[in-house]
Amino acid sequence: MKYQVLVLDLDGTLTNSSKQITPPTKQALIDIQENGKRVVLASGRPTQGVLPLAKELKMDHFGNYILSFNGGKIIDCRTGNVIYNKTIPNGIVTPLFEIVKQYDADIIAYTDKNLISGIKPNQYTQLESRINNMPILQTDHFTKDVDFPNNKFLISGEPDVIALIQKETTHHFRGLLNIYCSEPFFLEIMPQNIDKAYSLLKLLSSIGLDADEMICCGDGYNDITMIETAGLGVAMQNAQPLVREKADYITKSNDEDGVLHVIQQFLLD
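Quick summary incoming for the structure in this document.

Re unusual backbone geometry
Next up, step 1: The phi dihedral of Lys19 is positive, around 65°, even though this residue is not glycine.
Next up, step 2: Locating Lys19 in the fold gives a position in the loop between strand E1 (5-8) and helix H1 (23-34).
Next up, step 3: A relative accessible area of 36% places Lys19 in the partly exposed class.
Next up, step 4: In this structure, Phe69 is a non-glycine residue whose phi angle is positive, near 50°.
Next up, step 5: With respect to the element layout, Phe69 can be found in the loop between strand E3 (65-68) and strand E4 (73-76).

Set out below in structure tokens:
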């Protein structure tokens, strides 16, 4: 099987602990695109947080794809056209906010340029801001200010608190939302049935390829579905234990150019 598509999570996978792509990995990704391979950046980040890395990899030149918001949106890097867009149903924001405000946690929405903090920014809200290079706007009127379509909400807090919120929200919104952790301190609130695998299958169908031709690399819980769906599912050495269990192959860590190792092993003709 000749793999045609390489799908990469960003944080903990493509980028190292300094949130950077190393020069050897960057060059290898540019080289495989020049040879006709497809590269997809698949992240829980908002689109604005993915675009700088896509440009660094010249994906706008080669016409490859960004899958942001854990699959809620797919864009063509060359044209900027939105290929797929799924937003959270109307009427969710108020009951969700009412649940979260009972806990020592924050709730985040995204505009094109900013994070909107609905309660009080904590260290994990600030981490999300730094990762995406998007400033935080705090509001005392979250449910009124967030009156636009949302691909996802993010709840940030200490892992033990996040576990409690996950349990309550999963029960309350069963059948309406997908709710899962990307990190122990980040709870992703997504439209029903949306995850990286679901959206990748839509993308593959639109470009005439199938899952057997796809390699997916990741490290977090939100990468499990795409790792299970891919022709070759790859976990980073630094991945969560459950992610490693689900993978077909375990590569080196994100601080040891694990993505470069995958390219050398499976994508060089």
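Some details on the packing of helix H4 (residues 93-100) against helix H7 (residues 159-172)
Next up, step 1: Where H4 contacts H7, the two axes come as close as 10 Å, and the packing angle between them is 150°. In terms of their interaxial angle, H4 and H7 are classed as roughly antiparallel. The element H4 and its partner H7 pack so that their crossing is right-handed. Along the contact surface, H4 presents Pro95, Leu96, Ile99 and Val100, while H7 presents Ile165, Glu168, Thr169 and His172.

Comments concerning the packing of aromatic side chains
Next up, step 1: Inspection of the entire model under this criterion finds seven aromatic pairs.
Next up, step 2: Here the aromatic rings of Tyr84 and Tyr198 are separated by 6.4 Å at their centres, their planes lie at 55°, and the arrangement is tilted. Of this pair, Tyr84 sits in strand E5 (residues 82-85) while Tyr198 sits in helix H8 (residues 196-207), and the two are 114 residues apart along the sequence.
Next up, step 3: Using a relative accessible area of 16% as the deciding quantity, one classes Tyr84 as buried.
Next up, step 4: Pairing Tyr249 with Phe266 gives two aromatic rings, centres 5.0 Å apart and planes at 85°, and the pair type is edge-to-face.

Comments concerning the environment of Asn122
Next up, step 1: For Asn122, the position within the fold is in the loop between strand E7 (115-117) and helix H5 (123-132).
Next up, step 2: Once residues within four sequence positions are removed from consideration, Asn122 is found in contact with Ala105, Asp106, Ser156 and Gly157.
Next up, step 3: Reaching out from Asn122, the side chain makes a polar contact with the backbone nitrogen of Tyr124 at a distance of 2.9 Å.

Thoughts on the pairing of strand E2 (residues 38-42)
Next up, step 1: Extensive coverage of E2 is indicated by the burial of four of its five residues.
Next up, step 2: For E1 and E2, the ladder comprises four bridges, and the chain directions are parallel. Considered in E2, the bridge of Leu8 is made with Leu41.
Next up, step 3: A crossover connection joins E1 to the parallel E2 through H1; in handedness this β-α-β unit is right-handed.

Describing the pairing of E3
Next up, step 1: Burial along E3 is two-sided: the residues Tyr65 and Leu67 and Ile66 and Ser68 are all buried.
Next up, step 2: Relative to E3, E2 is paired through three bridges, and the arrangement is parallel. When the sheet's bridge partners are listed, Leu41 is paired in E3 with Ile66.
Next up, step 3: Here E3 runs beside E4; their pairing, made up of four bridges, is antiparallel. Looking at E4, one finds that Leu67 is bridged to Ile74.

The rules behind the values
- Residues numbered from 1 in each chain as written.
- Predicted model: local features only at pLDDT ≥ 70, side-chain atom pairs only at ≥ 80, totals over all residues.
- Heavy atoms only, no water.
- Helix = DSSP H or I, 4+ residues; strand = E, 2+ residues; numbered from the N terminus.
- Buried < 20%, exposed > 50% of the residue type's maximum accessible area, 1.4 Å probe, protein only.
- Axes fitted to C-alpha atoms, helices over the stretch in contact; angles between N-to-C directions.
- Parallel < 35°, antiparallel > 145°, perpendicular 65-115°, else oblique.
- Left-handed = near helix turned anticlockwise from the far one by under 90°.
- Contact = heavy atoms within 4.5 Å.
- Phe/Tyr/Trp six-rings, centres within 6.5 Å; stacked < 30°, edge-to-face > 60°.
- Polar contact = N/O pair within 3.5 Å; in protein donor to acceptor, adjacent residues only side chain to side chain.
- Pairing = 2+ DSSP bridges.
- Right-handed = clockwise from strand over helix to strand, strands pointing away.

Function cannot be inferred from these measures alone, as they are strictly geometric.
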